[in-house]
Structure formats: structure tokens, C-alpha cells
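A closer look at the structure
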Amino acid sequence: MRLPEAVSGWVGPLVRTVGVILAALLLTLGLLVVTGYDLLDCLRAFWAGTFGTRYGWGGMLTAACPLLLTGLAVAIAFRCGALNIGAEGQFLVGALWATAVGVSLSLPRWAFLPLLFFLGALGGALWAAVAAALRVWRGVPEVLSTILLNFIAVEWVKYAVTGPLEIVPGTAQTAELPASGRLWMLDRTTDLHGGVLLAPVAAALLYLLLYRTTVGLEMRAVGSNPTAARYAGISVSANLFRTMLLSGGLAGFAGVVELTGRMYGLTQGSTDLGYGYTAIAVAMLARLHPLGVIASAWFFGALASGSREMSFAPTYVPDQLIEVVRGLMILLSIGYGVVELSFRKD
Amino acid sequence: MPLLEMRDISKRFGSVQALEGVSLELEAGEIHALLGENGAGKTTLMNILYGLIRPDTGEVFLEGRPVRFRSPQDALRARIGMVHQHFMLVPPLTVAENVWLGDRKRYPFLFRRRDAVEATRRLVERFGLKVDPERRIEELSVGVQQRVEILKCLARDARILILDEPTAVLTPQEVEELGAVLRGLRNEGRSVIFISHKLKEVLELCDRVTVLRAGRNVGTLPIQEVTEKRLSEMMVGRELEPPPPRARVSDQAPVVLELKRLSVRDDRGAMAVRELSLKVRAGEIFGIAGIDGNGQAELLDALAGVRSPFEGSVRLAGEEIGTTSARQRAALGLAVITDDRQRKGLVLELPVAENLILKRHRSAPFARGGWLLREEIARYAEEKRRQYDIRAASLWVPAKTLSGGNQQKVVVAREMDLLGQALVAMNPTRGLDVGATEFVHRTLLEARSRGAAILLISTELDEVLLLSDRVGVLHRGRLFFVPPERTNRVEIGRLMLGEGEAA
């Protein structure tokens, strides 16, 4: 089967990306050795936490799920000209709206889940729309407005969780979703939930949208060259709006999926999850390509799951070290991009 | 003995032989032009001289002694300076700072501003370059900025100056001034290598010319022995087509494009186009000449549908389109070739095939129900590739991988296919070599013979004279019609400078 040209153009970037990942891993292993951890034990723990055991697989894919969806949200935004740093806030607003309705109703699952999904996506989309409107009508850079909206979303969730939605005063958490509001479990022994199947489907749909529809073409054109897009009769503001709504909607959807799949309710700790920010690294590593995000999120999921395993016995590697790996990953992938650009002087 | 000799230089990049056995000689006290199409190897050769690239074979001799430059520092130390096409100046800093900053020999620790200003003033006087050392770069016109670049070379006492496309951004006035500066340098015994496409200026300013074609030296001749025609033929390798006859368009031909008292504001709110009225008939090319910056860009924007006119009307076949969108105008058959293919004409990150269908991407045959019909697009793109001989690794690679000439072919192919009745083209051959320029001109003339009304806006006077049936000059937003008996370089040149009014 002959690869279409667009695909074979992948191979180079893919190889480079893999190289970046390997480099970061090697550096981390080096760090572990230097700080006195037993390398073999660490590797064994990492393997157990990822591909080596059943619960490893479960942990890996479950951790990847929210990153995949938020990664898609960020990737599509960046690719199409909107620097949406607000995936975190959009995620939270989506989860919040779904929680508010989810803990006060009970419907059969076939109706309940779509309703919650819809609410989550709507919440995230509207949250992004605020920034979009500010950009289109007042020229406020969305880089700023989305970050600020993140803070507001965090406070909103904290308020809800200690106020109107608090299940028992003093606990700072909401009630849990009824059983019909939860995603079906794929594997009882692990956390593996149905969202793990939904996410790649979303990625595939997004790919089709971006590369096979006229709307996608316009969005990409606006993302690369808004001036030329204008001369080609494409509306820049309409497409920026579309992009932000889609991006926010995806992030909000990510929030609901995580809610109905794993969290079942919100707590103070929900505001610390940080998926929306990690998503930026996920998206960059995937070079902003929807299908690449699948692999990238998987990788970050493996990282999270494997490192969690390493934090247990017998190795007890601290979480901070994992943050180091993540940081290295970002530095290397961005740094590589910079090096690549400066060598590609035509 | 020549001052500089590059002997038998070859360089290969991957599968492309950029230079093959090229030799070049430069005497002291000469202005030597290096001519060639894009891809002929001029820039590669100069990059080798300037130490940016190492040659595969061949040697460079300076005053008879072999030299090897490993970096521009080496070249600079050997008193070779280069002024690039895109200036390397720091806009917020002053002239003196730009000239001397980084000169660790002169200012190893502290930068002594007054000393630098003085030193710059001395250079200015010595070489007659008329620059104020204390002005900031961002306040200066392009022509003056170029003089600063030259000053940088002279500050290091360069005896060989390489100028890459120096006249591309200059007004005719500034070109003359540059010529005076270069002659002054030459008379002092310094030498200049002048890389250019502009044959007329090469003939006016240079002493000898070397033509490169496809990586080989096709000939070095003294200026007295060549004509423009001969040089073009050497660059392209074949005889060029004769210039087209002027069309005699009768007054009975229908008026396709009509502008009535069109006024357009620029980005700063000033009136860039003032009450411009003109009519273009079917089967004619109306050329608007003028120096860049007199309202051409705003006029193009207004016609393309990207900028709302302040006042006045634009009619296409009798229909008012002044307030319609770019998309609507494309649907009505108004083709637009902008002056900036990379910024306005193409989305470089998108594949060639997608660029070819822009403006028509929402409708049949390329899309249906919101979905892009990939096979149709691929088929169409392949057809255009053959028709226009577009050289690209694949039609699905990003357009940015194409050369300038091929990128312009994509734009032209696209616009020709949506062309219904009228075409507006601005500087359609900017940055293109002789072969590509000829191609674009031919395409415009074909469109004319098929009955299209063409408005050609060009800052290249020769292009306007070559192609237009009727000519006007744009000066400070106003259009001055040039009657046939006054249609020559001298008269039009005067109008471009704002002297006198056309009858």
C-alpha cells in the first residue's frame, strides 16, 4: 500500500520526535542514577506501571485520556491561529457544569451521558468564547485572556465545591454522580473507563474535520496566514471564533469525560490537576497534529503511570523527578524546534 | 594580476549541483555585475566568497595568494564586505551604533558614543555617503539604510564590496545616487560585485558582467560589448520572444472594469487613493506605473475586496462591487494577482494543491456539502502542474518548498482559472527571474487576447511599457493618464516624480 504523500511527510518529524523522547528519557535515567536510585529497580517499576502489567496498561491509558482530549483542544487552537492557554479553565468549567446537573438529576445512562457531555462541551466552548469575543472585537490577545479566565474558573470551582455543591459542610467536595451518570468501566480491576475509547475517536474526527472539510481548510489557512486568507475571501474572525469554540468545547468535554470516568465528583483537589497545561506540552510534542496527539498523550500517560509506580516501594522516587522529566521533554522538543529552525536558513 | 580570482569553484547540495567549475575574476577598481536567474548559483558563489559556505573544489586567490575563508570573520578580515538583500540593521539603534557595535577591536569594553559618531562622520565625509550618524535606523528610508550597510563595510576598510540585489528596493532617484557612490568607490581602487536581475541598471552602473546559468559561467564581458537582449539570452540560454504588439482597442469594446472617483484610506487614515477614475475595456491592458508607496497597495486592496473604499464606485460589467467581499468578487470572475505572493497570495504552510483551489474551495467541483473532494482536487492540481510546468516535489507538500517562480505559477494558475472578465495584477513579476517573468507576461497577454480586461499595476516601468495598451501614472493617489504620444520612459518618469501634469 503506497502511502499518500501527506503521510510520508510524517516520517522525518516522527523520527525526530522519537529522538527527543529518547533523549529526555536517557537524561532522566541519568539523573536517577546520579541521585542514587537503583536503576534496574526503577526501570522494573516503570515497566510494571506501564506495559508490563494489566493494571499498568489501565493506569497508562486512563492517565492518557484527559491529556488526549485537552491535547487535541490545544493542538487545534494553536494550529488554527488561536493561542488557547485556557484549556485548564475550559476543562474545569465543563466539569463543573456537568457536575452541577449530574448530582441533581438521575436519568438512564443512554440519555444522561450525552446530556452531561453536551453540558461540558458547552461550558468549555462558552468559556473560550469569552476570550474569542475579546480578541475579535477588542483585539485582546487570547494568550492573556485565556490564562486569566483560568484563574476565574479555578475560583469558581472552589466556590462551588465549598458552597452550593458541597455535599457535607466542611468536606469541600461535591456529591458523586449516580451510577447512570458514570462512564462504563472497561476493566473492573483497573480504572479503565470508556472514555479511553471515546478520546481516540474524537482525535480521528478532528483529523477529518481539519484535513477533509472546507471549514478545516479555512481554519488552517487562518492559522498559518491570516492575511492571505483574507485575500482568498476567508473570514478571519469567523474562523477564529470557530477555532476557539471547538477548542474550548473539546477541553470542556475532556472535563466531563474525566468526571464521568474517574472523578465522579469535584473536590478542591480538582483544581490542581493541571491537565490543561500539560496539554500544551502534549500538543507541542505531537507537532500540533491530531493523530500525533494520540501517541503523545499516550506517552505522557505512560510517564504518569510509570512514575507513580516508581514512587511506591521499593524505589520511592519522588514526584518531583517526574516533573523534571516533563520539563526536560518540553525543553528538548521546543529547543529542538529552535535548533531546527536556525539550521533551516534558506 | 586581478585583485580577486575564484578558480574552478564547484558546490553540490544533495542532488543539486549548484556550481560547476565556475571561475570569476575581479580587478581592482571595477564594478562587476553577477547576473543569473534564480538558482543559477550567484548567491552560492558569493556565499563561498564571504565565508558562509565551503566549496567542494576550486580555490580563491586574493592578490595572487590563495585564501580560505572559514567564516565571514575571515572574509571581513581580508577586507571583503557584503550588503545583503535583507538588511542586517538594528532599527532602534542609531547609524553610528549600527556601524561600530560589535567592533571589539575599536571598542573592547565600553562603547564610546561620541567617538563612534565622530568616526562615522569622518567616514561619511570621506566617501560622500550623506548619512546622519545620530539618526535611528527606523527613521531612515530604505535608500539611506542601504548606505548605512555600505558604511559598515567601509568602516572595516573593505576593498571588495558584494551587493546582493541592491536596487530592488530603491527609487530611480536613489539608484542614481547609489551609482554615484559606487563610482566613487571604484575610482579609489575599490571593487564592487553587483548581484542583480535588473539588466538596465547593470548596463548603466557596471564595468563588466559575468553571467551564470545553471551553475556555470556562461561568459564574462565588458559592458560596452553587451545589450540587454544579449544578456537576457545568455541568462536564459535561448532567444527571447519579441515584444508583443500594442492592441488597438476600439471605443466600441465593452467597458468591463470601471472605477469612478474612488478614494481609499491607508492604514494610518490618510487618503492613499484620491478620486481615481478609469475604464478598462475588454481585451485591453491598462497599465498603472508609479513609484512604490503612491497608493498602489491601497488601490489593489480596494479592488481585491480587502479594504473598503472611502468613497466612489467600482463596477464590474456594470455591476457595483465596491462593497462586496473578496469571495463574492472571485465568484463574479474578478481575478487578483497580489504583489506579495508569500504574504497575500499563498498560504505557504498549506499544500500546493490546496493553494490552487483557494477562493473556490467552498464549491463544486472541489467541495460538496462541506467536504473536500480530494480526488477532484488532486486531479485539478495535476492538470495545472502540467499546464504551467510547476516544479514541485509533490502537489501535497507545503507551498513554501517551492521556488519563487513556481510559487507565482501557482498563484497565476489559480487566478487564470477563476478569471471571468477582469484581472487586477500588481507587480506580478516581482522577484522573478527572466524565464518566469516571460511566462507571466505571456499569460497576461493570452488573457488579453481572450477578451479579459486587465488592470496592471506595476512599479517596474519597463513592464508597464511592454505590456500596456494604455498607460496611467499613480502619484500620491491620483491617476494621470498618459496620451499615446507621450508614452515613453522620459515623460512617464517625470510624471512618476510628480513633475507636471498630463494633458
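Before reading further, recall that the structure is shown in the block above.
Structural notes, computed from the coordinates. Each chain carries its own residue numbering, running from 1 in the written order of its sequence. Chain A is the first chain written and ligand 1 is the first ligand written, with later ones labelled in order. Thresholds applied to this predicted model are a pLDDT of at least 70 for local features of residues and 80 or more for the giving and counting of side-chain atom pairs; totals over whole chains, interfaces and linings are not thresholded and use all residues. Each side-chain value is worked out from all heavy atoms of the structure, with water and hydrogens disregarded.

Comments concerning the overall build of chain B
In this text, helices come from DSSP runs of H or I with a minimum length of four residues, and strands from runs of E with a minimum of two, each type numbered from the N-terminal end. Along its length, chain B carries 17 helices and 22 strands. In this treatment the radius of gyration is a C-alpha quantity, and the globule benchmark scales as 2.2 Å times the residue count to the 0.38 power. In terms of overall dimensions, chain B is globule-like: its C-alpha atoms have a radius of gyration of 25 Å, near the 23 Å expected for 503 residues. Remark: exposure states derive from per-residue accessible area (1.4 Å probe, protein chains only) relative to the maximum for the residue type, with buried under 20%, exposed over 50%, and partly exposed in between. The burial tally for chain B puts 55% of its 503 residues in the buried class. Note on contacts: a residue pair is in contact if any heavy atoms of the two residues lie within 4.5 Å. Of the contacts made within chain B by residues no fewer than 6 positions apart, 67% connect residues no fewer than 24 positions apart. Accessible surface is estimated by sampling points in the Shrake-Rupley manner with a 1.4 Å probe; for residues, cover comes only from the protein chains shown. Accessible area of chain B: about 22,800 Å², with a carbon and sulfur share of 47%. Charged residues are defined narrowly, with Lys and Arg counted positive, Asp and Glu counted negative, and His plus the chain ends left uncounted. For this purpose, a charge sits on NZ of Lys, CZ of Arg, CG of Asp or CD of Glu. Considering chain B, the positive charge centre built from 76 side chains and the negative charge centre built from 70 side chains are found 3 Å apart.

Structural notes on the sheet that holds strand β1 (residues 4-13) of chain B
Where strands meet in a sheet, backbone hydrogen bonds hold them as pairs that are either parallel or antiparallel. All names here are of chain B. Taken in spatial order, the 4 strands make up an open sheet running β2-β1-β4-β5, and their pairing is antiparallel. Of all strands in the sheet, those bounded by a partner on one side alone are β2 (16-26) and β5 (65-67). Averaged over all adjacent pairs, the angle separating strand axes in this sheet is 30°, with direction ignored. The pairing criterion for strands is at least two bridges between them, as found by DSSP. With 5 bridges joining them, β1 and strand β4 (residues 57-62) adopt antiparallel strand pairing. By the bridge assignment, Arg7 is partnered in β4 with Glu59. Where helices are involved, their axes are fitted lines through C-alpha atoms of the stretch in contact, as for all axes, and angles between N-to-C directions lie from 0 to 180°. Each of β1, β2 and β4 touches helix α1 (residues 42-49); the most contacted strand, β1, lies at about 115° to it.

Some words on the nonpolar core
Leu69, Leu72 and Leu266 of chain A together with Leu423 of chain B are the most contacted members of the largest nonpolar core, which totals 134 residues. By residue number, the principal contributor to this core is helix α11 (residues 236-263) of chain A, which donates 12 residues. We define a nonpolar core as any set of buried Ala, Val, Leu, Ile, Met, Phe, Trp, Tyr and Cys residues linked to one another through side-chain atoms lying within 4.5 Å. Within the second largest apolar cluster, 52 residues are counted, among which are Val144, Leu185, Leu231 and Val236 of chain B.

As for the interface of chain B and chain A
Facing 29 residues of chain B, the contacting portion of chain A comprises 21 residues. Summed over both partners, the interface of chain B with chain A comes to about 2,300 Å²; 61% of that surface belongs to carbon and sulfur atoms. Salt bridge, as used here, is a side-chain nitrogen of Lys or Arg placed within 4 Å of a carboxyl oxygen of Asp or Glu. Summed over the shared surface of chain B and chain A, the number is 2 salt bridges. Between Arg220 of chain A and Glu354 of chain B there is a salt bridge, with the nearest N and O atoms lying 3.0 Å from each other. N or O atoms within 3.5 Å of each other form a polar contact, as long as, within protein, one can give a hydrogen and the other can take it, and as long as residues adjacent in sequence are counted only when both atoms are side-chain atoms. Summed over the shared surface of chain B and chain A, the number is 11 residue pairs in polar contact (both at pLDDT 80 or more). When residues of the side of chain B that touches chain A are traced back to their parent elements, those giving at least two are α9 (296-304), α10 (326-331), α11 (341-345) and β18 (371-372) of chain B. It is α11 of chain B that contributes the most residues to the side of chain B that touches chain A, 4 residues altogether. In this count, Pro and Cys sit with the nonpolar residues alongside Ala, Val, Leu, Ile, Met, Phe, Trp and Tyr, while Asp, Glu, Lys and Arg are called charged and the others, Gly among them, polar. Looking at the side of chain B that touches chain A residue by residue, the classes come out as 13 nonpolar, 6 polar and 10 charged. Note: buried area is the sum, over both parts, of the accessible area (probe 1.4 Å) each one loses when the two are combined.

So, the packing of helix α6 (residues 109-138) of chain A against α11 of chain A
Orientation of α6 of chain A relative to α11 of chain A, taken along the N-to-C sense of each, is 145°, at an axis distance of 6 Å. In this structure, α6 of chain A meets α11 of chain A at a crossing whose hand is right-handed. By definition, any crossing whose near helix is turned counterclockwise from its far helix by less than a right angle is left-handed, and any crossing with a clockwise turn is right-handed.

Description of the packing of aromatic side chains
We call Phe, Tyr and Trp rings a pair once their centres come within 6.5 Å, taking the six-membered ring for Trp, and we label the pair stacked below 30 degrees between planes, edge-to-face above 60, and tilted otherwise. Counting across every chain of the model gives 14 aromatic pairs over all chains. With centroids separated by 6.5 Å and ring planes inclined at 40°, the aromatic side chains of Phe51 of chain A and Trp298 of chain A adopt a geometry described as tilted. Highlighted residues: Phe51 of chain A in helix α3 (residues 39-52) and Trp298 of chain A in helix α13 (residues 290-310), separated in sequence by 247 residues. According to the relative accessible area criterion, Phe51 of chain A is partly exposed, its value standing at 36%. The rings of Trp47, Phe51, Trp57 and Trp298 of chain A are connected pair by pair, giving a single aromatic cluster. The side chain of Arg182 of chain A reaches across the aromatic face of Tyr264 of chain A, ending 4.1 Å from its centre. Consider the ring centre and the ring normal. A charge sits over the ring if Lys NZ or Arg CZ is within 6 Å of that centre and within 35 degrees of that normal. Residue placement shows Arg265 of chain B over the ring face of Phe310 of chain B; its charged tip is 4.4 Å from the ring centre.

Things to note about the sheet that holds strand β20 (residues 453-457) of chain B
All names here are of chain B. Spatial strand order, β16-β19-β20-β13-β21-β22: 6 strands in an open sheet with mixed pairing. Pairing within the sheet leaves two strands with one partner each, and these edge strands are β16 (334-337) and β22 (478-482). Adjacent strand axes in the sheet meet at a mean angle of 20° when their direction is disregarded. Alignment of strand β19 (residues 422-426) against β20, held across 5 bridges, turns out to be parallel.

Concerning unusual backbone geometry
Residues and elements named next belong to chain B. Not every positive phi belongs to a glycine, and Glu63 is a case in point at roughly 55°. Within the secondary structure, Glu63 sits in the loop between β4 and β5. When its relative accessible area of 34% is taken as the criterion, Glu63 is described as partly exposed. In the Ramachandran plot, Arg261 falls in the positive-phi region, its phi being about 45° despite a non-glycine side chain. Among the structural elements, Arg261 can be located in strand β11 (residues 255-265).

As for the pairing of strand β6 (residues 80-83) of chain B
Residue and element names in this part refer to chain B. Side chains Ile80 and Met82 project from β6 onto one buried face, and the interleaved Gly81 and Val83 project onto a second face that is buried too. As judged from the 4 bridges shared by β6 and strand β7 (residues 160-164), these two strands associate in the parallel manner. When the bridges of β7 are listed, Met82 appears paired with Ile162.

Regarding the pattern of salt bridges
Residues and elements named next belong to chain B. Taken as a whole and judged by the stated rule, the model has 52 salt bridges over all chains. Ionic pairing is found between Glu233 and Lys229, a salt bridge with its closest N-O pair at 3.0 Å. With a gap of 4 residues between them, Glu233 and Lys229 both fall in helix α8 (residues 228-236), about one helical turn apart. Note on Lys229: relative accessible area 53%, which makes it exposed. Taken together, the shared-partner salt bridges connect Arg79, Arg126, Asp157, Glu188 and Arg190 into one network.

Comments concerning the side chain of Arg220 of chain A
Looking at where Arg220 of chain A falls in the secondary structure, it is placed in helix α9 (residues 214-224). For Arg220 of chain A, the contacting residues outside a window of four places in its chain are Cys80, Leu210 and Tyr211 of chain A together with Leu350, Pro351 and Glu354 of chain B.

Let's talk about α9 of chain A
For α9 of chain A, a buried count of 8 out of 11 residues is recorded, marking the element as mostly surrounded by other parts of the structure. Among all positions of α9 of chain A, only Thr214, Gly216, Leu217, Glu218, Met219, Arg220, Ala221 and Val222 of chain A are buried.

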